[in-house]
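Analysis of the macromolecular model
Chain by chain, the residues run as shown.
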Amino acid sequence: MFPELNNLLNTTPDQAEQGKLTLLCDAKTDGSFLVHHFLSFYLKANCKVCFVALIQSFSHYNIVGQKLGVSLTTARECGQLVFLEGLKSAVDIFFRPQEDPHPLQFLREANSGNLQPLYEFVQEALKPMDSGEAAWRCPVLLVDDLSVLLSLGVGAVAVLDFVHYCRATVCREQKGNVVALVHDSGDAEDEENDILLNGLGHQSHLILRAEGLATGFCKDVHGQLRILWRRPSQPTAQRDRSLTYQYKIQDKNVSFFAKGMSPAVL
Amino acid sequence: MLESLLAPGGLVLLRDSVEWEGRSLLKALIKKSALCGEQVHILGCEVSEEEFREGFDSNINSRLVYHDLFRDPLNWSKTGEALPGGPLEALRALCRRTDPVPVTIALDSLSWLLLHLPCTTLCQTLHALSRQDSCHGDSSPGEQVHVLGLLHEELHGPGPLGALSSLAQTEVTLSGVMGQASAHILYRRPQQRPTHQLPCETQWFSILPDFSLELQGGPPLESQPNPDPRTPSTDPTTHLTFNLHLSKKEREAKDSLTLPFQFSSEKALGPSSTDVPKVIWAWVEPDQTLEKWPCLQAAVLRGQEARWTAGSTAPWAEPGYQPHFL
């Protein structure tokens, strides 16, 4: 978790908002540092986390998590973290009976219709626990990343339906949060990705968009982060709803500064 | 005017974007209808009923009938909470309703319906929905059905957008500048609009916390082309300590001046030229030679250092050197 990002979003693990969908988006840069931030943030906030990881292995997230002060292994052992490792599951699914339900069932179907099995996996992972188990603060679904589903042949509307159901269950019923990363390819001809990105943008409460610099690679400024609050609980002047900062990713931290105010420049 | 959007009846399209969301305006118009004593039916596909009712007082909420397509629109949960027949049947049920009072129907959102239903089916149903008064035939002119449709325009191609536009009485496109929201209103049925209004206009507005609509004058003109609110709008040349521009006389003086680094035949003439300095003070590294000082080379050739030639060590680099008058 990056304290400076918490300051920008005006939040702390103790005061995390509930019932919100946060959309993470990256364009011409790698926005995975935002995924690592929210994973460690919600684990430190004592939330029950279901992490649908389709990009990297468990050990990768665990190593980064340790740098940020959380142990995914411990969290998984004590039941705080439910980790769906897409890279492993994608292989497993071909060596099991077809009738056995699997979250990534769409991989076996020629016409991948919907993501209902994946939704049911999330629903089961985050359902309220028996009284005998440890009580977690609120459920959180984290997906890294939804664009992969498009690459695997799922339609944009099917992915939007999956997020819709997760929102209805996790955000509305269980008062939890959903965080999902989507790539912005910047390709005007990739209509499916555009529909997914814009459709999720309309569903979300908060959008964090990491962008590469228009001027290209820079050693001291790695990109800029645009923050857009879409659904304030009270309608306010829109002037303060959108902010842009530049950032530099360090070994265990990310520093944010106003545009053009990098310490290396001043 | 935004307040009179509901006046002609029929379909009003609210076209919004990720940057400029239109649900607040939809709720403001719903509040206005409810305050006029109308029954408001909402087909909610994108937000939960609790979230939609948030911000309305109990008087308004009592006039709202929320048809919840959000909770289980595709019947995945199989708990019996889904609306029977799915989204299309829910829409058709709104056509068959029999309310004794004037009615406003809000579709939140048309985009969700358009992504899940064939465009032609949706257009036919919308047509039937917005013409209910003429179908029933027993409604008075004051009891028209108002249909408000929220449309996220980035999600659809020009074909579906054009089809829906042709059905609409009025189109409102939301945008903004400098944090100030604006609505571009296009009346597509000019014969039905109030006589004093133009076929299209732009209205600046803001939505108050209780979802009241407040019309505004818009941002100042000089700031409109500037999308970044933090960029200063003052003239950056006001407090300069130097002149940015030269007068004619100053320009002539500047042009006639020969700068020290400019080579000219006069300078090459040596001591007879008035431009050549009489005393040369110089400091060079011991290994530096005359080759690197072409102007100086021309000047010292007439002096005692004439023996100094290219490639040899400069005289002043030798120990005990005293400068000479040329």
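Residues numbered from 1 in each chain as written. Chains lettered and ligands numbered in written order. Predicted model: local features only at pLDDT ≥ 70, side-chain atom pairs only at ≥ 80, totals over all residues. Heavy atoms only, no water.

A word on the overall build of chain B. Counting its secondary structure elements, chain B contains 10 helices and 9 strands. Within chain B, the fraction of its 326 residues that count as buried is 43%. When the accessible area of chain B is evaluated, it comes to approximately 17500 Å², of which 56% is carbon and sulfur surface. (Helix = DSSP H or I, 4+ residues; strand = E, 2+ residues; numbered from the N terminus. Buried < 20%, exposed > 50% of the residue type's maximum accessible area, 1.4 Å probe, protein only. Areas by Shrake-Rupley, 256 points an atom, 1.4 Å probe, with all protein chains shown as cover.)

Turning our attention to a negative patch on the surface. Where like charges cluster on the molecular surface, the negative patch consists of Asp187, Glu189, Glu191 and Glu192 of chain A. As for its position among the elements, Glu191 of chain A is in helix α9 (residues 191–203). (Patch = residues over 30% accessible without salt bridge, like charges linked within 9 Å, V, L, I, M, F, W, Y side chains within 5 Å. Salt bridge = Lys/Arg side-chain N within 4 Å of Asp/Glu carboxyl O. Lys, Arg positive; Asp, Glu negative; His and termini not counted. Charge placed at Lys NZ, Arg CZ, Asp CG, Glu CD.)

This brings us to the interface of chain A and chain B. Residue-level contacts link 34 residues of chain A with 40 residues of chain B. Summed over both sides, the interface between chain A and chain B buries roughly 3000 Å², with carbon and sulfur atoms accounting for 53% of that surface. Our enumeration of links across chain A and chain B arrives at 2 salt bridges. One salt bridge connects Glu50 of chain B with Arg172 of chain A, and the closest N-O pair in it is separated by 3.7 Å. One can count 12 residue pairs in polar contact (both at pLDDT 80 or more) joining chain A with chain B. For the side of chain A that touches chain B, the secondary structure elements donating two or more residues are α6 (116–126), α8 (156–173), α9, β7 (223–229) and β8 (242–249) of chain A. (Contact = heavy atoms within 4.5 Å. Buried area = accessible area lost by both parts, 1.4 Å probe. Polar contact = N/O pair within 3.5 Å; in protein donor to acceptor, adjacent residues only side chain to side chain.)

Three or more residues of α6 of chain A are buried, namely Gln116, Leu118, Tyr119, Val122, Ala125 and Leu126 of chain A. Of the surrounding secondary structure, the elements contacted by the buried residues of α6 of chain A are β2 (48–53), β3 (81–85), β4 (139–144) and α8 of chain A.

All names here are of chain A. Formed by 43 residues in total, the largest nonpolar core has its most connected members in Val52, Val122, Leu141, Leu146, Phe162 and Leu196. The element best represented in this core is α8, accounting for 10 residues. Setting aside residues no more than four positions away along its own chain, Val52 makes contact with Leu84, Leu118, Val122, Leu141, Leu142, Val143 and Asp144. Ranked by size, the runner-up nonpolar core spans 41 residues in total, among them Leu34, Phe41, Val49 and Leu225. (Core = buried A, V, L, I, M, F, W, Y, C linked by side-chain atoms within 4.5 Å.)

Residues and elements named next belong to chain B. The strand order across the open sheet formed by 9 strands is β3-β2-β4-β5-β1-β6-β7-β8-β9, and the pairing between neighbours is mixed. Of all the strands in the sheet, just β3 (64–68) and β9 (213–216) have a single pairing partner and so form its edges. Shown here is a sheet whose adjacent strand axes are inclined to one another by a mean of 25 degrees, direction ignored. Bridge count between strand β4 (residues 103–108) and strand β5 (residues 146–152): 4 bridges; the pairing is parallel. Within the sheet, the bridge partner assigned to Leu107 lies in β5 and is Gly149. (Pairing = 2+ DSSP bridges. Axes fitted to C-alpha atoms, helices over the stretch in contact; angles between N-to-C directions.)

Moving on, we come to the pairing of strand β9 (residues 254–257) of chain A. All names here are of chain A. Residues Val254 and Phe256 point to one face of β9 and Ser255 and Phe257 to the other, with burial holding for every one of them. Sheet topology note: the β8/β9 ladder contains 4 bridges and is antiparallel. What sits directly across from Ile249, in β9, is Val254. The hairpin turn running from β8 into β9, its antiparallel successor, is 4 residues long.

This part takes up the side chain of Ser89 of chain A. Residue and element names in this part refer to chain A. Tracing the chain through its elements places Ser89 in helix α5 (residues 86–92). Polar contacts involving the side chain of Ser89 include one to the main-chain carbonyl oxygen of Glu85, which spans 2.9 Å. Once residues lying within four places of it in the same chain are set aside, the contact partners of Ser89 are Leu84, His102 and Leu104.

This part takes up the sheet that holds β3 of chain A. Adjacent strands of a sheet form backbone hydrogen bonds with each other and so pair up, either parallel or antiparallel. Residue and element names in this part refer to chain A. The mixed open sheet is built from 9 strands, whose spatial order is β3-β2-β4-β5-β1-β6-β7-β8-β9. Since the sheet does not close on itself, it has two edges, and those belong to β3 and β9, each with one partner. This sheet shows a mean twist of 20 degrees between the axes of neighbouring strands, independent of strand direction. Here helix α3 (residues 58–67) sits on the sheet and contacts β2, β3 and β4; the angle it forms with β3, its principal contact strand, is near 135 degrees. Running over the sheet, α6 touches β2, β3 and β4 and is turned about 155 degrees from β2.

What follows covers the packing of aromatic side chains. All chains considered together, the criterion is met by 15 aromatic pairs over all chains. Seen from their ring centres, Phe2 of chain A and Phe33 of chain A are 6.4 Å apart, and the 45 degrees between their planes marks the pair as tilted. Taken as a pair, Phe2 of chain A in the segment before α1 (3–9) and Phe33 of chain A in helix α2 (residues 32–44) lie far apart in primary sequence, 31 residues in all. One exposure class covers both Phe2 of chain A and Phe33 of chain A, and it is buried. One aromatic cluster is present, built from ring pairs that chain together Phe2, Phe33, Tyr247 and Phe256 of chain A. Directly above the ring of Phe52 of chain B sits Lys27 of chain B, whose terminal nitrogen or CZ lies 5.4 Å from the centroid. The lysine or arginine in question, Lys27 of chain B, covers the ring of Phe56 of chain B, its NZ or CZ lying 5.4 Å from the ring centre. (Phe/Tyr/Trp six-rings, centres within 6.5 Å; stacked < 30°, edge-to-face > 60°. Lys NZ or Arg CZ within 6 Å of the ring centre and 35° of its normal.)

One can find Lys27 of chain B in helix α1 (residues 23–35). The side chain of Lys27 of chain B is buried and forms no salt bridge, while Glu54 of chain B, the nearest opposite charge, is found at 6.2 Å.

Summed over all chains, the structure comprises 15 salt bridges over all chains. Among the salt bridges present, the one from Glu173 of chain A reaches Arg172 of chain A, with a minimum N-O distance of 3.6 Å. With a relative accessible area of 47%, Glu173 of chain A lands in the partly exposed category. One salt-bridge network, held together by shared partners, links Arg172 and Glu173 of chain A together with Glu50 of chain B.

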